[in-house]
Amino acid sequence: MTGAPDQVPSPAAAPVRGRVLTVADVLALPVMAAGRPQVVAGESQLGRSVRWVHITELTDPASFLKGGELVLTTGMPLPREPALVRRYVDELATVGAAGLVLELVRRYHRPPEELVRACRAHDLPLVLLSRDVNFLEVTQVVHELVLGNQVETLRRTQEIHETFTGLTLRGAGAAEVMRAAAEMSGRAVVLENQVHQALICEPSARTVEEVLTDWERRSRTTPPADSAAVSGPEGWLVCPVEYRGERCGRVVMLPDRTAEHARGPAGRAFGQEDTTVLERAAMSLAISRIVHPVAWERGAHRGALLDLAEQRYRTAGEAAVRAAALGLPTRDCRYVAVLVDLPGDESAVSIAELEESLVKDVTAAGVPALVGEVGAGRIGVLVGLRHTKQWRPAVELIGRAAMELVPQAVVSVGSEVAGLSQAARSFRDASHVAESALPGTSSGKPYHELSDIGLRQLLYALRSDVRLQGYVERQVGPLIDYDHRHNTDLVSTLRHYLDAAGSKTVAAHAADLSRQTLYQRLHTIQRLLGCDLESGQRRTELHVALTALDVLRLGSR
């Protein structure tokens, strides 16, 4: 016999009720640990589930097995001929035995070399007991655990069905269904579409970065399955989601972090309960798609845009992997935010229709972007730009597409930023531009940008500020009141005078007044306002006040 035998888990690692019992769990039981078990073959298969324990002293025990049994023997019936030993092990492996436990007390004090080789050839766990163990006591303890776990499994299965049935009956959305799946399984779950974009990620005890990093490549190496099954190099549990007879994506459950440990590829093995959770989640997602006709992609883009705009992500790395999982490039890229605002109730086009139209246009043009509704009557777009690309062509495409569908739409663009962690600044700038866009005006472009904000636009953005309103009243309120009481037009006269930069000749010509009449009106204005119009500072203050008056009246229409 070559190689040092492996020790089994310590007795402290006793099996827990409510989950599948494994070979390692049985070996950790005090009644088994007393025999000082050593694993000499099939070390990577200690995670096999144990359905039952079978004591046998027969030369052909396989004929009495159904699979999943841990076979206990003193070795008395083992044949001496190597060919018969191999046949003995072949039959156990074929029937699906969980493992073979051999007591080295009566017939053998060392295991037969041929037995060890045969078990290793089939990767069948072979466990040696160097001390006497009461097999009947082992059977009693294990069977109590198995039966107890079966009852617990039935209870948990009922709980799973009731949970997802309740979610379905109340019309829960995809995000709520995925959250429930993660909570009930204690594992990370991901909903992806047909092009391997991760739309919803519930990381459970993991981090989003750990789950979604390089998602598309990892997903594409995991073959699809027609039903819930373990697939791919990472051992994912996958289940297709079908909507009206067509496959629209799949839901993925990831194994525990311990998947990479030396004992094998699956960490805590997926059990029937995990499969049930995933299957019911897939069913609820299909029904949710009927109840909520908005495509999952739209909801995913909306959530990602809001997280970026409001900086709701935990780390910059999380923001990057979420965006990358949705198809937005994240390496060597710059970004610019665009906001498209629909006019009140005047538009005959719904926000959903405009959103869908913009998605089609940017996709057809090959512009990488996240597109989604980010507020009432507002669509947000985050455009990803390679360093060789300029943002204006992409934004112009979005602006023209929006205004072609809704001519009154206001398209605003924020500043260009170097990374996703700065996307919030671009969205804030775009919002400031949108607030400053004067109704009925055009910059000659199908969008507004920061450089378009002048005094009028700035004052328009501040039109709701009571301090601005108070300033206008203090500066020109007396003049407005006088015009209303006396049916005069002093405000217009003051405007001509200020526009002429204090030139009375130019002002009189613009107002179509004689110079004497203009002088009289200016004298009255100075008396009412209590100011000297020859003062440059005073003229500037009055010019700002009149400009603010214009935008306040514009905003009240």
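Scroll up a little and you will see the structure.
Nothing here was measured: the structure is a model prediction, and the numbers come from that model. (Residues numbered from 1 in each chain as written. Predicted model: local features only at pLDDT ≥ 70, side-chain atom pairs only at ≥ 80, totals over all residues. Heavy atoms only, no water.)

(A) Representation of the side chain of Thr-547. In this fold, Thr-547 is placed in helix α20 (residues 536-555). Aside from chain neighbours lying at most four places away, what touches Thr-547 is Leu-455, Arg-456 and Leu-459. (Helix = DSSP H or I, 4+ residues; strand = E, 2+ residues; numbered from the N terminus. Contact = heavy atoms within 4.5 Å.)

(B) Geometry of the sheet that holds strand β15 (residues 410-413). The strand order across the open sheet formed by 4 strands is β13-β14-β12-β15, and the pairing between neighbours is antiparallel. The outermost strands of the open sheet, each flanked by one partner alone, are β13 (369-375) and β15. Here the strands of the sheet are splayed against their neighbours by 20 degrees on average, with no regard to which way each runs. When strand β12 (residues 333-341) meets β15, the two strands line up antiparallel, connected through 4 bridges. Bridging across to β15, Val-338 finds its partner in Val-413. In the packing of helix α10 (residues 296-309) onto the sheet, the strands contacted are β13 and β14 (378-386), and the crossing angle to β13 comes to about 80 degrees. (Pairing = 2+ DSSP bridges. Axes fitted to C-alpha atoms, helices over the stretch in contact; angles between N-to-C directions.)

(C) Spotlight on the sheet that holds strand β8 (residues 198-202). Read from one edge of the open sheet, 5 strands run β8-β7-β11-β10-β9, paired in antiparallel fashion. Either end of the sheet is taken by a strand with one partner, and the two such strands are β8 and β9 (229-231). Averaged over neighbouring strand pairs, the angle between their axes works out to 30 degrees when direction is ignored. Alignment of strand β7 (residues 189-192) against strand β11 (residues 246-253), held across 4 bridges, turns out to be antiparallel.

(D) Inspection of the nonpolar core at higher detail. By size, the foremost hydrophobic cluster in this structure holds 51 residues, and its most contacted members are Phe-164, Val-241, Leu-285 and Leu-382. Per-element accounting of this core gives the leading share, 7 residues, to helix α6 (residues 174-185). For Leu-285, the residues in contact, after removing those within four places along its chain, are Ala-174, Val-177, Met-178, Leu-191, Val-241, Val-251 and Trp-296. (Core = buried A, V, L, I, M, F, W, Y, C linked by side-chain atoms within 4.5 Å. Buried < 20%, exposed > 50% of the residue type's maximum accessible area, 1.4 Å probe, protein only.)

(E) Structural context of empty space enclosed by the protein. Across all of its chains, the model carries 2 cavities of 30 Å³ or more by this definition. Ala-304, Asp-307, Leu-308, Tyr-313, Glu-318, Ala-319, Arg-322 and Ala-323 together form the lining of the largest cavity. If you list the elements that add at least two residues to the lining of the largest cavity, you get α10 and α11 (316-325). If you tally residues by element for the lining of the largest cavity, the top one is α11, at 4 residues. Here the residues of the lining of the largest cavity sort into 5 nonpolar, no polar and 3 charged. Taken as a whole, the second largest cavity spans an internal volume of roughly 40 Å³. As for the second largest cavity, its lining consists of Leu-167, Thr-168, Gly-171, Ala-172, Val-177, Ser-284, Ile-287, Ser-288 and Val-291. Only α5 (135-169) and α9 (272-291) provide two or more residues apiece to the lining of the second largest cavity. Considering only residue class, the lining of the second largest cavity consists of 5 nonpolar, 4 polar and no charged. (1 Å grid on protein atoms, 1.4 Å probe; cavity = no way out; pocket = protein on both sides within 12 Å on 5 of 7 lines; lining within 4 Å. Points joined across faces, edges and corners; volume = space filled by probe spheres on them. Nonpolar A, V, L, I, M, F, W, Y, C, P; charged D, E, K, R; others polar.)

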